[in-house]
Each structure stands twice: as C-alpha cells, then as structure tokens.
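For reference, the chains in residue letters:
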Amino acid sequence: MRDINNLLQKFIGKRAQAFESYRVRTSTVTIEVKDGRLETSKQAQTEGFCLRTIHNGRLGFSYTFSLEPRSVRAMVDNALESAQGTDPDPAYGLPDDDGYPLPVLRTYDSSIEGIPRQKKVALASVLEGSAYSLSRKVKRVRKATYAEYRAEVFLMNSNGLQLSDRQTIVTLGVMAVAEEKKDSQMGWESDFSHFFGELDPEEIGRTAAHKAVSSLGARRIKSLSCPVAVSYTHLRAHETVLD
C-alpha cells in the first residue's frame, strides 16, 4: 500500500490541494454439491482503486481497476480533469487523523483462507444430506452451495489519515423439492456468518426441507376473519414489500 501512496503523491504533486484514495480487494469462492459430490467450484479476485481530489474548491473523482503506474497516473489525470467541470464549494474538505482508536469489529475470520477446499465441500455435502434426511417426500435437492467472501479496504488522505479493515462472510444455501402424489413444492433456506465455524449446515438443510414438505397439500380456503400465524421469513418479506 505504501508504494501506491507514493505513486499518488508523485503523480498529484501540487496539482491538488487535497486528495483521498480508497482501495478495495476482494476474493470469492463458490462451491456447489450434487449427490454428495463436488458439482462446481469457482474462485475470483477483484481489485478497485478510486481517487477524490479537491483543488480551488472543486471536487474531482476517478477510479481504476489496475494498480499499474500508468493506470494510476491516468486515474489522477482524469480526477483532476473532471474537477474542472464542477462548481466550487468552500465546504469541501477531508477528515483529519484525530488519533482516537477505532473500535475493533468482530467481522474477520483469519482461519478461512487456510481451510482446505475439501472441508468446504464436506460442509455443503452435509447441507444437502440433511435436507434429504428430513422426509422421504424430499425427492430432489438443488443448489446446495457454500460461498465465501473476503475483503480488504484501505483509506488514505493527504491530511495524514490512514485506515484499513478486513471482513469475511460465509454463506450456506440450499433448495429442497418435496413431492406427494401430483403435488410438488420447493423450500429455500440460507444463512451467513462472518465465521466459518458458526454456521449449522444440518439446521439449514432441515429448515429448507421442512418448508417444502409443509407446503404440500396447500389449498385455497374461503374468505374469513381469523387469527393467522405468519413465519418470520414471510413477515420480513411483507415488510420489505411495504417499505
């Protein structure tokens, strides 16, 4: 990160009175299991870098997906050029480093990167198997998926502020299909955590299967006034629609 900061300061020079950079680096892994075996495995990495400049009260902005010196220089030039088309505002400014320590958030699992892929495949297999185990009415299980997301962010400005943070998110999701006579219903469940060991694949799989099985035989009823029990999942969905 220090090399990138040096590049920024070199390319900006005295062309801006203040600047702030934000860099994010992400890594994702997606694993899908079918019939207890690995079906698909995908891995991707991305990196982005953006810059905000202030000169004579004018705000400029640009970004790049490459950290090559020529790309960083082009980003600086574009940010300074874009500022020429903005209206000046004396209120524009950047924060200082006040010296106060930031709270440490429990959002990063340092062990995830070292966990072998086979252990992640096994977790998805348990997820799939638990959906089948709930009832013989569960005939198919789709999208038994393990996914992980790791991110690092870096913030730096010309006032001496330098901050960084890391985050991990692990997700398990599965769809169960239950059948009885001519009726077929689906149930979906997922959960996520910042930590690999805090997810329960058996509970997630059983919940998806239960949703599918409990929907079998559903039928219309006549209109009436009566108390209604609504699951938390459906309640949240209705709140989202109403919002």
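Just above, that's the structure.
Here we summarise the structure given alongside this text. Since this is a predicted model, take the numbers as computed values, not measurements.

1. Examining the overall build of the protein chain
Part 1: In terms of regular secondary structure, the protein chain is built from five helices and six strands.
Part 2: Along the protein chain, helices and strands appear, N-terminal first, in the series α-β-β-β-α-α-β-β-β-α-α.
Part 3: Computed over its C-alpha atoms, the radius of gyration of the protein chain comes to 25 Å, more than 25% above the 18 Å expected for a compact globule of 243 residues.
Part 4: With the C-alpha coordinates aligned to their principal axes, the bounding extent of the protein chain is approximately 75 × 50 × 35 Å.
Part 5: Considering only contacts in the protein chain between residues 6 or more positions apart, those separated by 24 or more positions represent 66%.
Part 6: A distance of 8 Å separates the average location of the 33 positive side-chain charges in the protein chain from that of its 31 negative side-chain charges.

2. Digging into unusual backbone geometry
Part 1: For N56, which is not glycine, the phi dihedral falls at a positive 55°.
Part 2: With relative accessibility at 51%, the residue N56 sits in the exposed group.
Part 3: Phi at K143 takes a positive value of approximately 55°, unusual for a residue other than glycine.
Part 4: Position of K143 relative to the elements: it lies in strand β4 (residues 138–157).
Part 5: The exposure class assigned to K143 is partly exposed, which follows from its relative accessible area of 48%.

3. Some points on the nonpolar core
Part 1: Core analysis: the biggest nonpolar cluster contains 26 residues, and I31, L127, Y146, L172, V174, A176 and F196 have the highest contact counts within it.
Part 2: Those elements that provide at least two residues to this core are β1 (18–34), α3 (117–133), β4, β5 (162–180) and α4 (201–214).
Part 3: Apart from residues no more than four positions distant in its own chain, Y146 is found in contact with V29, T30, I31, K120, L123, A124, V170, T171, L172 and F196.
Part 4: Among the nonpolar cores identified, the runner-up in size contains 15 residues, and L7, F19, L51 and V72 belong to it.

4. Section: the environment of E203
Part 1: Inspection of the secondary structure assignment puts E203 in helix α4.
Part 2: Taking the C-alpha atoms as reference points, E203 and E179, separated by 24 residues in sequence, lie 21 Å from one another.
Part 3: Among the polar contacts listed, one links the side chain of E203 to the side chain of R206, at a separation of 3.2 Å.

Cut-offs applied
- Residues numbered from 1 in each chain as written.
- Predicted model: local features only at pLDDT ≥ 70, side-chain atom pairs only at ≥ 80, totals over all residues.
- Heavy atoms only, no water.
- Helix = DSSP H or I, 4+ residues; strand = E, 2+ residues; numbered from the N terminus.
- Rg over C-alpha atoms; globule rule 2.2 N^0.38 Å.
- Contact = heavy atoms within 4.5 Å.
- Lys, Arg positive; Asp, Glu negative; His and termini not counted.
- Charge placed at Lys NZ, Arg CZ, Asp CG, Glu CD.
- Buried < 20%, exposed > 50% of the residue type's maximum accessible area, 1.4 Å probe, protein only.
- Core = buried A, V, L, I, M, F, W, Y, C linked by side-chain atoms within 4.5 Å.
- Polar contact = N/O pair within 3.5 Å; in protein donor to acceptor, adjacent residues only side chain to side chain.

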